[in-house]
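The primary structure of each chain is shown beneath.
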Amino acid sequence: MINKRMITILGSGLSGYGALKLAVKKNISVFLSDNSKISDKTKEFLLKNNIKFEENGHNWNIISDSKEIIISPGISAKFVRKHIPSFNKKNILSEIEFASRFTNSFIIAITGSNGKTTTSFLIYHILKSSGFNVGIAGNMGKSFSESVADNKYEYYVLEVSSFQLDDIINFKPNISVITNISADHLDRYDNSISNYINSKFRIIKNQSLDNKLILNGKCKNSMHHLKSTHIKSQLIIINQSNPKNKKSNKIFLEENKIKSIINNNKLVMDINNLSIQGNHNIQNTMAAICVSQLLNISNDSIKESLRTFKNIPHRLEHFLTIQKVKYINDSKATNINSVYYALESVKTQIVWIVGGVDKGNDYNELIPLVKNKVKAIICLGKDNSIPINFFSSYCELIVSTNNMRDAVQSAYEFAKQSDTVLLSPACSSFDLFKNYEERGNKFKEEVRKL
């Protein structure tokens, strides 16, 4: 039986492993439980540190004897309470909540349906290039807990998902950014966009007047929610059309120039000098500039960083041109809004690879772009009935595949000179791949074989 002082970690993926490392470093008694098989790497760590664990199932009688439960993003608190009704919100916490207990670092937290990863890396790149002792972690790469266990950064740039925010208690970013909110993961939120928006806005739950919240003025869901929400932190709305209030902090686009006035410091940046292009990346850049100016980074340093930034893998990654056909890996686009940005940003005719695990997508907003830009659609998934049934009325050339090799080969046959082959799936990857990274890497691997 577990000592009541122990914590249980549910899930042994990136978040679970990170929480495990941090608990061991802080001499906290811990038990690890996973519904699936635990990796050899994690098992080696468990055995080396004499940590009790279980795999391929949860023993709820044992788990219920722990003081707290740290859940991975893929596990909901509702699922835990179904098995342990006596546990409440204070007993169940996310990994980012756990990590935040053990650091006094200045936290810049970014969430949103789209753009949060690019915005996070943009901010990190600017801070790092400006000499800040800064780490990046969260909902990509390294977990917050593992980074806190391994490093002593003065600043953290954290990408945080709605799943992670659902189970925070005292997590309090110094600066919060909500890039935008569009329908995504609604299966987790009782098919309610309102529930999903509320989850995103939990990023400000513990913020006070000395903290900042940056919102995108072009995001209708954020602006609508703002009307009925009490904001304790200092609010900065970016991406408005030349705001008239001369006294407030503001950042907007005018005549192909980003114009920013934060803390009376004026910055002007020509969008043609940005290393990443597209309307969505202008929005991401505005958020990054705003954060950087709030931290008093010089305009010259900000501009140089924005010129030298390299986009993240699997997000509109222009990685190869074969016989004058461009191949773009946008495997990270797992929702409709991401795909909209991708289709909008491509100026040529498109051979579009779409499909995977559909999350209840509403494809209607993609219809004009598909009609005008998409010459062929290649569906990639175990079950392609949804995209085929929907898009067959708008695109004459549409095929079904169930492996990346066939998808890429079909794209090669359909594409002509000056066309673009775009992998932008609009769906999760878990039917055929471990994650979107594996899907993107497999796409690049098959393209290289052409």
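You'll find the structure just up there.
Parameters at a glance
- Residues numbered from 1 in each chain as written.
- Predicted model: local features only at pLDDT ≥ 70, side-chain atom pairs only at ≥ 80, totals over all residues.
- Heavy atoms only, no water.
- Buried < 20%, exposed > 50% of the residue type's maximum accessible area, 1.4 Å probe, protein only.
- Helix = DSSP H or I, 4+ residues; strand = E, 2+ residues; numbered from the N terminus.
- Pairing = 2+ DSSP bridges.
- Right-handed = clockwise from strand over helix to strand, strands pointing away.
- Contact = heavy atoms within 4.5 Å.
- Polar contact = N/O pair within 3.5 Å; in protein donor to acceptor, adjacent residues only side chain to side chain.
- Salt bridge = Lys/Arg side-chain N within 4 Å of Asp/Glu carboxyl O.

Asks: Could you clarify how one ought to interpret the pairing of strand β4 (residues 68-71) in this entry?
Replies: Along a regular strand, successive side chains alternate from one face of the sheet to the other. Neither face of β4 is open: one carries E68 and I70, the other I69 and I71, and all of them are buried. Relative to β4, strand β1 (residues 7-10) is paired through four bridges, and the arrangement is parallel. Directly across from I9, in β4, lies its bridge partner I70. Note: β4 against strand β5 (residues 92-94), three bridges, orientation parallel. Along β5, the bridge assignment pairs I70 with L93. For the crossover that starts at β4, traverses helix α4 (residues 77-83) and ends in the parallel β5, the hand is right-handed.

Asks: Which parts of the structure should I look at to understand the environment of S392?
Replies: In this fold, S392 is placed in the loop between α15 (385-391) and β19 (398-401). Separated by 247 residues in the primary sequence, S392 and S145 place their C-alpha atoms 46 Å from one another. When sequence neighbours within four positions are dropped, the list of residues in contact with S392 reads P387 and I398. Among the polar contacts listed, one links the side chain of S392 to the backbone oxygen of I388, at a separation of 3.0 Å.

Asks: When you look at the pattern of salt bridges in this model, what are you seeing that I'm missing?
Replies: Close approach of charged atoms allows side chains with opposite charge to pair. Enumeration according to the criterion identifies 14 salt bridges in this entry. The salt bridge involving R101 is made with E68; its shortest N-O contact spans 2.9 Å. With a gap of 33 residues between them, R101 in the loop between α5 (95-100) and β6 (106-111) and E68 in strand β4 connect regions that are remote in the sequence. Residue R307 is joined to E304 by a salt bridge in which the shortest nitrogen-to-oxygen separation is 3.4 Å. Taken as a pair, R307 and E304 lie in helix α12 (residues 299-308) at a separation of three residues, close to a single helical turn. Assessed through its relative accessible area of 41%, R307 is described here as partly exposed. One continuous salt-bridge network, built from bridges that share partners, spans K21, K142, E146 and D150.

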